[in-house]
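What follows is the residue order along each chain.
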Amino acid sequence: MSRTAVNRTVLAVAGLVLLALGVLVLLGGLDVYGRLGVTVPDWWPWTSPDQPVLSEASRTRWTDESWWWPVAIAVPAVVVAGCLWWLFAQARRSGPAGIDLPSPAGPRGHFALHVRSRAIEDAVERATVALPDVARVRVRVAGRPHRPYLRAAVRMESGGGAADLLARYYTGPLEGARTSLGLAALPSEFRLRVTGRRTSAGRDHHVRVH
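The model shown is predicted, which means the values in this text are computed figures rather than measured ones. (Residues numbered from 1 in each chain as written. Predicted model: local features only at pLDDT ≥ 70, side-chain atom pairs only at ≥ 80, totals over all residues. Heavy atoms only, no water.)

Student: Would you mind going over the overall build of the protein chain with me for this structure?
Tutor: When you go through the protein chain residue by residue, the secondary structure sums to 6 helices and 6 strands. Reading the protein chain from its N terminus to its C terminus gives the helix and strand order α-α-α-α-β-β-α-β-β-α-β-β. Accessible surface computed for the protein chain: about 14600 Å², of which carbon and sulfur atoms make up 62%. (Helix = DSSP H or I, 4+ residues; strand = E, 2+ residues; numbered from the N terminus. Areas by Shrake-Rupley, 256 points an atom, 1.4 Å probe, with all protein chains shown as cover.)

Take a look at the structure:
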C-alpha cells in the first residue's frame with residue numbers, strides 16, 4: 001500500500017472516530033434524547049446537558065494505583081510523538097512531487113504539462129519488475145521538476161546476470177519512460193541487490209551503477 005493510501009486510510013478512520021465522538025457529545029449537550037423521549041441504555045455516554053464529558057468517578061478511578069501517572073504521561077507523549085513523526089514524514093520525500101514537461105510548440109523554457117512523480121514511478125516499477133530475474137523493485141523520482149532523474153533499487157534473483165539486467169533496464173523501462181515523457185535525457189541511478197544467502201558481513205551482494 002502506498003503512502004498516499006495509508007495517509008487517506010488513517011485520516012478517514014481518525015475523522016470517523018472524532019465525528020462519532022462529537023455527535024455523541026452534541027446529542028447529550030442539546031438534550032436530544034430528552035426532547036425526543038428516547039430511553040438510552042445505562043452504559044450510553046453523554047445522555048444529558050448536566051453530564052460532564054468525564055465524570056469524577058472516571059477521572060479518579062485509578063489515581064491511587066502506582067502505574068496510573070506513568071501511563072497517563074506516557075500515552076499522550078507517545079500519541080504526540082507519533083503525530084509529529086507522521087507530520088514530518090509527509091515532507092520527507094527526497095524528490096519532487098512531479099516533473100515539468102517542455103512544450104515543443106512553445107517558447108524555450110516553457111513547460112506545458114506537469115506529471116506526478118508517483119505515476120512515473122509506478123510505470124517504471126511495473127515495467128522493471130516484468131524483466132527476467134527481477135524479484136522486487138522500487139523507483140523514485142529525484143532532482144528538480146524540470147531536470148529529473150530516477151533512482152532505482154532492484155533486487156535480483158540469485159543466479160541472474162547483473163550486466164544483462166542493467167542493459168535491459170536502460171533499454172527497456174528507462175528508455176520507455178524517457179520516450180513517453182518526451183525528454184531529451186533521463187539519467188538514472190541503479191542500485192542492485194542479489195537475493196540469496198547473507199554474506200559474512202551480514203549484507204547482500206550489491207553493486208551501484210550510475
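Let's pick the thread back up.
Student: Even after reading the chapter, I still don't get helix 5 (residues 117-129), so can you show me in this structure?
Tutor: An α-helix turns once every 3.6 residues. As a result, residues three or four positions apart point the same way. For helix 5, with 13 residues, the first-to-last C-alpha span of 18 Å sits near the 18 Å given by 1.5 Å per residue. The set of residues buried in helix 5 consists of S117, I120, E121, V124, E125 and T128. Viewed along the axis of helix 5, the buried residues span an arc of 130°, placing them on a single side of the element. (Expected span 1.5 Å × (residues − 1). Buried < 20%, exposed > 50% of the residue type's maximum accessible area, 1.4 Å probe, protein only. Arc of directions from axis to C-beta.)

Student: Is there a simple way to explain the nonpolar core in this structure?
Tutor: Across soluble globular proteins, nonpolar side chains show a tendency to be buried alongside one another. Counting residues in hydrophobic clusters, the biggest one holds 24 residues, and the most contacted among them are I99, I120, L150, L165, Y169 and F190. At the level of secondary structure, the elements contributing two or more residues to this core comprise strand 1 (98-102), helix 5, strand 3 (134-144), strand 4 (147-156), helix 6 (162-181) and strand 5 (188-194). Examining the composition of this core, we find that 6 residues originate from one element, helix 6, more than from any other. (Core = buried A, V, L, I, M, F, W, Y, C linked by side-chain atoms within 4.5 Å.)

Student: I'm lost on the pattern of salt bridges in this one. Help?
Tutor: Two side chains with opposite charge may pair up if their charged atoms get near one another. In the structure shown here, the tally under the stated rule is 7 salt bridges. In this structure, D122 and R118 form a salt bridge, with 2.6 Å as the shortest nitrogen-oxygen distance. In this pair, D122 and R118 both sit in helix 5, 4 residues apart, roughly one turn of the helix. D122 gets classed as partly exposed once you look at its relative accessible area, which sits at 26%. As a salt-bridge pair, E125 and R118 come within 3.3 Å of each other at their nearest N and O atoms. The exposure class of R118 is partly exposed, given its relative accessible area of 22%. Connected through shared salt-bridge partners, R118, E121, D122, E125 and R140 make up one network. (Salt bridge = Lys/Arg side-chain N within 4 Å of Asp/Glu carboxyl O.)

Student: Explain a nonpolar patch on the surface here, please?
Tutor: Residues L11, V80, L84, W85, W86, L87 and F88 make up a contiguous nonpolar surface patch of roughly 750 Å² in combined accessible area. A per-element tally of the nonpolar patch places helix 4 (residues 68-90) first, with 6 residues. With respect to the helices and strands, the residue W85 is situated in helix 4. (Patch = residues over 30% accessible without salt bridge, like charges linked within 9 Å, V, L, I, M, F, W, Y side chains within 5 Å.)

Student: Looking at this structure, how should I read helix 6?
Tutor: Taking 1.5 Å as the rise per residue, helix 6 with 20 residues should run 28 Å; its terminal C-alpha atoms sit 27 Å apart, in good agreement. Of all the bends in helix 6, the greatest, near 35°, is centred on E175. Where helix 6 is concerned, the buried positions are L165, L166, Y169, P173, L174, A177 and L181. At the C-terminal side of helix 6, G182 shows a positive phi close to 70°. (Bend = angle between axes of the 7 residues up to and from the residue.)

Student: How should I be thinking about the packing of aromatic side chains in this particular structure?
Tutor: Remark: the centre distance and the inter-plane angle together describe each pair of aromatic rings, the angle taken between the planes. Applying the stated criterion across every chain yields a total of 7 aromatic pairs. Pairing W43 with W44 gives two aromatic rings, centres 5.5 Å apart and planes at 55°, and the pair type is tilted. Its relative accessible area of 29% is what places W44 among the partly exposed residues. Each member of the aromatic cluster is reached from another via a ring pair, and the members are W62, W67, W68 and W69. (Phe/Tyr/Trp six-rings, centres within 6.5 Å; stacked < 30°, edge-to-face > 60°.)

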